[in-house]
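If you want the building blocks of each chain, they are given just below.
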Amino acid sequence: QVQLVESGGGLVQAGGSLRLSCAASGRTLSSYRMGWFRQAPGKEREFVAAISWGGGSTTYADSVKGRFTISRDNAKTTVYLQMNSLKPEDTAVYLCGAVRTWFQVEVSDRYDYWGQGTQVTVSS
């Protein structure tokens, strides 16, 4: 079992920054890669970014490349999403997930565990 808890969301003006955190716990944590997704009202869950267990590999959605950075701490228990130059279209609930394989890491159906999400609202 893996437990995930997101934090760090809030209200920010366009052009601002936020850093989201995803605290992970579980006996088999080392078996999982971590990803961030987002879901706006009435829309499907959308891939944002993912990171390998060791942190050596990352991948991003085209819509956030150059603005968002995913990272994880040395203890491998917390994953971060640094979001800069935020836009109103970034407004959504942001969720972190844990997946066993890197294959199709951008596909939400492949994830085994999810957190409850944290709301990010960007005002224009």
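Going by the structure above, here's the rest.
This structure is a prediction, so every number in the text was calculated from the model and none was measured.

Q: Looking at this structure, how should I read the state of the cysteines?
A: Note on terminology: disulfide describes a covalent bond linking the sulfur atoms of two cysteines. In this structure the tally under the stated criterion is one disulfide. The disulfide that involves C22 links it to C96, with 2.0 Å between the sulfurs. The disulfide joining C22 to C96 has a torsion of about 55° about its S-S bond and is therefore right-handed. Separated by 74 residues along the polypeptide, C22 in strand β3 (residues 18-25) and C96 in strand β9 (residues 92-99) bring together distant segments of the chain. Assigned by exposure class, C22 and C96 land together as buried.

Q: Is there a simple way to think about the pairing of strand β8 (residues 78-83) in this case?
A: Along any regular strand, the residues point their side chains to alternate faces of the sheet. Counting buried positions along β8 yields five of six residues, so the element is predominantly enclosed. Bridging between β3 and β8 involves six bridges; their strand directions are antiparallel. Bridging from a neighbouring strand, L20 pairs with L81 of β8. Pairing geometry for strand β7 (residues 68-72) and β8, over five bridges, is antiparallel. Of the residues in β8, the one forming a bridge with R72 is V79.

Q: Just to check I follow, could you spell out the sheet that holds β3 for this structure?
A: Whenever strands of a sheet pair, they do so through backbone hydrogen bonds, lying parallel or antiparallel. Taken in spatial order, the four strands make up an open sheet running β1-β3-β8-β7, and their pairing is antiparallel. Looking along the sheet, the strands with just one partner apiece sit at the ends: β1 (3-7) and β7. Pairs of neighbouring strands in the sheet enclose a mean axial angle of 15°, with direction left out of account.

Q: Please clarify how the packing of aromatic side chains should be interpreted in this entry.
A: Where two aromatic rings form a pair, the distance of their centres and the angle of their planes describe that pair. Evaluated as defined, the whole model comprises five aromatic pairs. Considering the side-chain rings of F37 and F47, the 5.5 Å spacing of their centres and the 75° angle between planes classify their relative orientation as edge-to-face. One end of the pair, F37, is in strand β4 (residues 33-39); the other, F47, is in strand β5 (residues 46-51), and ten residues separate them in sequence. Exposure class is identical for F37 and F47. Each is buried. Ring geometry for F37 versus W114: centroids 5.2 Å apart, planes at 75°, classification edge-to-face.

Here is what the cut-offs are and how they apply
Residues numbered from 1 in each chain as written. Predicted model: local features only at pLDDT ≥ 70, side-chain atom pairs only at ≥ 80, totals over all residues. Heavy atoms only, no water. Disulfide = S-S within 2.5 Å. Helix = DSSP H or I, 4+ residues; strand = E, 2+ residues; numbered from the N terminus. Buried < 20%, exposed > 50% of the residue type's maximum accessible area, 1.4 Å probe, protein only. Pairing = 2+ DSSP bridges. Axes fitted to C-alpha atoms, helices over the stretch in contact; angles between N-to-C directions. Phe/Tyr/Trp six-rings, centres within 6.5 Å; stacked < 30°, edge-to-face > 60°.

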